[in-house]
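Chain by chain, the residues run as shown.
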Amino acid sequence: MSYLADAPPLPPLSTLFPHLHSDAKNIPPSTDPFTITTTTGFLPCRTPLRRLPAQFDAMSDILDEMPIMKADGTPGLVAKFQLGPLIESGKLPDLTSCIDDLRVSKDEYDLEAITALFRDYSFLASAYLLEPCWESWSKDNNAGYGLGRPVLPRCIASPLVKAADILDIPPFMSYAASYALYNYHLVDSGLGAGVYENLRLIRAFEHGLDPKSSEAGFILTHVHMVQETGPLIQGATDLLSTIEKSPADTDAAVSAFRTMLTAMKRIEEHMEQMWSHSLPKDYISYRTFIFGITSQSMFPDGVIYEGTRYGDDKPLYFRGESGANDSIIPLLDHLLEIPMPSNPLTDILKDFRQYRPKPHREFLAWVMSKSGEVGVKEYCTGTKTKEKDDNSSSSSESSALLLTTLYLKLLEHVRSFRWRHWMFAREYIIKRTPHPTATGGSPIVTWLPNQLFAVMDLMESVYIESGLKGIVESREVGGTGQSPEFKAVKEIMDNAIMQREKLDKEVKKFCSERGA
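Residue positions are given per chain, counting from 1 as you read along its sequence in written order. Local features in this predicted model are restricted to residues whose pLDDT is 70 or higher, and side-chain atom pairs enter the listing and the counts only when it is 80 or higher, whereas totals over whole chains, interfaces and linings include all residues. Note that the side-chain values use all heavy atoms of the structure and ignore hydrogens as well as water.

Structural notes on the overall build of the protein chain
- By the criteria applied, helices consist of DSSP H or I runs no shorter than four residues and strands consist of E runs no shorter than two, each listed in order from the N terminus. If you tally the helices and strands in the protein chain, you get 20 helices and seven strands.
- Compactness check: the protein chain gives a C-alpha radius of gyration of 24 Å against a globular reference of 24 Å for 516 residues, within 12% of the reference.
- Taking the principal axes of the C-alpha coordinates as reference, the protein chain spans close to 80 × 55 × 45 Å.
- Taken over 516 residues, the protein chain has a buried fraction of 58%.
- Between two residues, a contact is recorded if the distance between any of their heavy atoms is within 4.5 Å. Long-range pairs, those at least 24 residues apart, make up 77% of the contacts in the protein chain with a sequence separation of at least 6.
- In the structure as shown, the protein chain presents an accessible area of about 20600 Å², 52% of it carried by carbon and sulfur atoms. Computation of the radius of gyration draws on C-alpha atoms alone. For the globule rule, the value is 2.2 Å times the number of residues to the power 0.38. Buried residues are those whose accessible area, probed at 1.4 Å on protein chains only, stays under 20% of the maximum for their type, while exposed residues exceed 50% and partly exposed ones sit between those limits. Only the protein chains shown count as covering a residue, and every accessible area follows the Shrake-Rupley method with a 1.4 Å probe.

As structure tokens, then:
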């Protein structure tokens, strides 16, 4: 039996992603800083650029003065609702032409500098557009957000659009290229991003320049999680290579799974620290500044981007910053071939893809195509395996069952990650505000459960159709004993069934309360 689809094979991994195993020091600055390596994972391959060259000082200085609490602890422009009037006074010149100075050669931009530019202008754009919403909310939390500004002035819009075009991403604040993953620096460069206390923010809206603040904790916890993704990428590419080239080498497949499981364990351990790094009661406040335009009451008619290729009369709609734009779970969704229901909620999931950095999009698209080409799910869980087809020994059957248990364990991490995300949404947002949409424009109650139910459905079908459920239950009933792997799977499935029932009740309850 072949594990390869009939479609033409994809080009070799080394051709598509030549820097995958490179030392970041050897990757040129003309390369997108989100170029993926098995060392840095989905983090920028080099620590983000903190400050732009001097020709952008007029913008950088305004950003330094912008936060509700500045680096020196004094109130900034937004604290006094003065950012909009300052911009509208003409204080900020249009620096679009200066972007052409950010080059490493005549034909190549310095993409590290361009990404820093995108980060800074997207911070400025969001602060400008949402400052009136912050004023409304801060004066009366129960009155809602009111309306944002409907026009983004040319001095912000034009350079933002040009930087976004160079990077091939939408011209609005994004999770990776601005708010979170390209928004940190290190206290001690020798310690790296693996030590949480060594992380600091570059830009913030509220109190995030204080490393002990909830805003800093919210962002830096994501950075701390993502710095663990190098081994996850290594394991994923190893598994795909094994299935494609050496499908009988189950030891190599098992090793790849264990590499990914170890990485996910560390990622989720860091994720759990969100509760202490960023307090639930504080989130709704700084959240005001990371809303998007799409599906938000603050922007009923969209936003005009003055002086850009979009024209001065076309309202634009972009999704806001969202942790859902992280690449960790999409990688596993694609690798494990998790089917999503065909509905408007899944359409939002697909729409989020364009907001990821181009290297992330390209790598995730490759994983999705390659997983389908080699048949990861069938290889790991199919009732027929290569060894069984060859009438091989019972040890090969044991190897097949081990692969199925490891596949289920990795699915369990997807479920666990999404469950924790749901708990964050429940405790940080749903219980604290009636606003119906998340920052990215998705329905706050039903969107995450859409993906959670999908992975739970797959776990159940794999457990049953692979025959693993029958084996686990027969050994339990027959008293023949279970291996640690089987015991772990039984606990995983019992917990998933219990949490599915709990999730279903919670969603119905919140929908009823909100009339959703």
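Next comes the rest of the description.
Focus on helix α12 (residues 328-335)
- Counting buried positions along α12 gives eight out of eight residues, so the element sits mostly inside the fold.
- Buried residues of α12: Ile328, Ile329, Pro330, Leu331, Leu332, Asp333, His334 and Leu335, and no others.
- Looking at the residues trailing α12, positive phi occurs at Glu337, about 55°.

Brief notes about the side chain of Glu228
- For Glu228, the position within the fold is in the loop between α7 (214-226) and α8 (229-245).
- Here a polar contact is recorded for every N or O atom pair within 3.5 Å, except that within protein the pair must consist of a potential hydrogen donor and a potential acceptor, and residues adjacent in sequence are included only if both atoms are side-chain atoms. A polar contact is formed between the side chain of Glu228 and the side chain of Gln227, at a distance of 3.0 Å.
- One polar contact links Glu228 to His270, side chain to side chain, over a distance of 2.8 Å.
- With sequence-adjacent residues up to four places away left out, Glu228 is seen in contact with Ala263, Arg266, Ile267 and His270.

Observations concerning empty space enclosed by the protein
- Points on a 1 Å grid, built from protein atoms alone, make a cavity when a 1.4 Å probe fits but cannot get out and make a pocket when they are open with protein on both sides within 12 Å along at least 5 of 7 lines; residues with an atom within 4 Å of a point are the lining residues. Grid points are joined across faces, edges and corners, and a volume is the space filled by probe spheres set on the points. Going through the model one piece at a time under the given rule, you end up with two cavities of 30 Å³ or more.
- Space inside the second largest cavity adds up to approximately 40 Å³.
- In terms of lining residues, the second largest cavity is bounded by Asp32, Phe34, Thr115, Leu167, Ile169, Ala177 and Pro357.
- Classes in brief: Ala, Val, Leu, Ile, Met, Phe, Trp, Tyr, Cys and Pro nonpolar; Asp, Glu, Lys and Arg charged; the others, Gly included, polar. Of the residues in the lining of the second largest cavity, the class split is five nonpolar, one polar and one charged.

Concerning unusual backbone geometry
- Residue Phe81 is not a glycine yet carries a positive backbone phi of 60°.
- Structurally, Phe81 is set in the loop between α2 (57-65) and α3 (83-88).
- The phi dihedral of Ser295 is positive, around 60°, even though this residue is not glycine.

Notes on the side chain of Arg287
- Tracing the backbone through its elements, the reader meets Arg287 in helix α11 (residues 280-287).
- At 8.6 Å, Glu321 is the nearest oppositely charged side chain to Arg287, a buried residue that forms no salt bridge.
- Those residues in contact with Arg287, other than ones at most four positions away along the chain, are Tyr145, Ile429, Thr433, Thr437, Ala438, Thr439 and Ile444. Counting rule for charge: Lys and Arg are taken as positive, Asp and Glu as negative, and neither His nor the chain ends is counted. By definition, a salt bridge exists where a carboxyl oxygen of Asp or Glu is found within 4 Å of a side-chain nitrogen of Lys or Arg.

Side note on the UniProt feature "binding site: heme b" (unreviewed entry) in the protein chain
- UniProt positions are given in the numbering used here, feature names are shortened, and annotations may be inferred rather than shown by experiment. With numbering aligned to this structure, UniProt lists the feature "binding site: heme b" (unreviewed entry) at His421.
- With respect to the helices, strands and loops of the structure, His421 is situated in helix α17 (residues 394-430).
- Each residue touching His421, except ones within four places of it in the same chain, is listed here: Met271, Ala324 and Leu448.

A closer look at the packing of α8 against helix α9 (residues 250-272)
- Here the axes come from fitting lines to C-alpha atoms, over the contacting stretch only for helices, and the angles between their N-to-C directions go from 0 to 180 degrees. The geometry of α8 relative to α9 is characterised by a closest axis approach of 8 Å and an angle of 160° between their N-to-C directions. Considering the angle they form, α8 stands roughly antiparallel to α9. The handedness of the crossing between α8 and α9 is left-handed. Taken together, the residues of α9 that come into contact with α8 (itself represented by Thr229, Pro231, Leu232, Gly235, Ala236, Asp238, Leu239 and Thr242) are Ala252, Ala253, Ala256, Phe257, Thr259, Met260, Ala263, Met264 and Ile267.
- The class makeup of the residues in the contact of α8 with α9 is twelve nonpolar, four polar and one charged. With respect to orientation, any angle under 35 degrees is reported as roughly parallel, any angle over 145 as roughly antiparallel, any angle of 65 to 115 as roughly perpendicular, and every other angle as oblique. In this scheme the crossing of two helices becomes right-handed for a clockwise turn of the near helix relative to the far one and left-handed for an anticlockwise turn of less than a right angle.

Some details on the sheet that holds strand β3 (residues 151-152)
- For two strands to pair, DSSP has to find at least two bridges joining them. The strand order across the open sheet built from three strands is β3-β6-β7, with neighbouring strands paired in mixed fashion. Two strands bound the open sheet, and with one partner strand each, they are β3 and β7 (315-316).
- Across two bridges, β3 lies against strand β6 (residues 303-305) in parallel orientation. Note on β6: the bridge partner recorded for Leu152 is Tyr305.

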